[in-house]
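What follows is each chain in one-letter form.
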Amino acid sequence: MLRISLFLPKKSMSHIIAPSILAADFANLQKEIEMVNQSEADWFHIDVMDGVFVPNISFGMPVISAIKKHAKKTMDVHLMIVDPDRFITDFKKAGADILTVHYEACKHLHRTVQAIKAEGMKAGVSLNPHTPISVLEDIINDLDLVLIMSVNPGFGGQSFIENTYRKIEKLRELISKTGSKAIIEVDGGVNDKNINKLVSAGANALVAGSFVFKSNNPLETIKNLKNS
Ligand code: DX5
Ligand code: ZN
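Residues numbered from 1 in each chain as written. Chains lettered and ligands numbered in written order. Predicted model: local features only at pLDDT ≥ 70, side-chain atom pairs only at ≥ 80, totals over all residues. Heavy atoms only, no water.

**With respect to the site of ligand 1**
Taken together, 20 residues form the shell around ligand 1, and within it D47, G154, D187, G209 and S210 come nearest. At a separation of 2.8 Å, an oxygen atom of ligand 1 approaches a polar backbone atom of G154. A distance of 2.7 Å separates an oxygen atom of ligand 1 from a polar atom in the backbone of G209. If ligand 1 stood free it would expose 380 Å²; the protein chains cover 99% of that surface. Every element with two or more residues in the shell around ligand 1 is listed here: β2 (43-49), β3 (74-80) and β8 (205-208). In terms of residue count, the dominant contributor to the shell around ligand 1 is β2 (three residues). A per-class count over the shell around ligand 1 returns eight nonpolar, 10 polar and two charged. (Near = heavy atom within 4 Å. Polar contact = N/O pair within 3.5 Å; in protein donor to acceptor, adjacent residues only side chain to side chain. Areas by Shrake-Rupley, 256 points an atom, 1.4 Å probe, with all protein chains shown as cover. Helix = DSSP H or I, 4+ residues; strand = E, 2+ residues; numbered from the N terminus. Nonpolar A, V, L, I, M, F, W, Y, C, P; charged D, E, K, R; others polar.)

See below:
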């Protein structure tokens, strides 16, 4: 089983920062991973795209295993693939600590969530920008994490969708009402301009790709996001 210390940031009150490896320099992956290891980031966010659920292909198991070899922090794996049940055991073997599937990609979401937990991983469910929070009412108590997409999934570097704040607030209400232990992660277009408002709305974990890896000083950028 995953120890809880892997999942929560050291300073339990502060928000989690999860740099998205999708925006890293793949030709220098080890260097990029070491940078995240040394930074104030809490997790590695790892985006898997299949070219079917989303109009892009990223990488799969061999690359995740290679990241795992060097990564010293929680591996937060975000699956943008159809029918993820086929690969749950493989993602565990490759090194995932948290496995997040899309609501829109699962026919039997409850079964998928149970299968992820049975492998000893934390289970997350992600919602596309057009999918309402209400679809989670009957599964929220089974979830460790909800990932709200603040862009349409498939690409890094897109602009943040403003309706996200309202969705976070609705999800925060649902979590309080049901006593769910799920944490709220936000993914897409996160930067130093919107992070405070996202945390105030109720976000616990923030994914940042381009804003971190395309900056002049990624270590400093992560530090600023963490201390925002
Ligand atoms: C988009 C991915 C995101 C992406 C975020 O489909 O899920 O994790 O890497 O990248 P930025 O921060 O550049 O929007
Ligand atoms: Zn992602």
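**Concerning the pattern of salt bridges**
Taken as a whole, this structure holds three salt bridges when the rule is applied. A salt bridge links D83 to R86; the nearest nitrogen and oxygen atoms lie 3.8 Å apart. (Salt bridge = Lys/Arg side-chain N within 4 Å of Asp/Glu carboxyl O.)

**Points about the packing of aromatic side chains**
According to the stated counting rule, one finds three aromatic pairs in the structure shown. When the centroid spacing of 5.8 Å and the interplanar angle of 80 degrees are considered together, the rings of F26 and F59 count as edge-to-face. Of this pair, F26 sits in the loop between β1 (16-19) and α2 (29-38) while F59 sits in the loop between β2 and α3 (61-70), placing them 33 residues apart in sequence. Among the residues examined, F26 registers a relative accessible area of 44% and is labelled partly exposed. Under the relative-accessibility criterion, F59 is labelled buried at 10%. Over the aromatic face of Y165 sits the side chain of K197, whose NZ or CZ is 4.2 Å from the ring centroid. (Phe/Tyr/Trp six-rings, centres within 6.5 Å; stacked < 30°, edge-to-face > 60°. Buried < 20%, exposed > 50% of the residue type's maximum accessible area, 1.4 Å probe, protein only. Lys NZ or Arg CZ within 6 Å of the ring centre and 35° of its normal.)

**Remarks on α2**
Of all the residues in α2, the buried ones are L29, E32, I33, M35, V36 and N37. On the buried face of α2, the contacting elements are β1, β2, α3, α8 (210-213) and α9 (218-226). (Contact = heavy atoms within 4.5 Å.)

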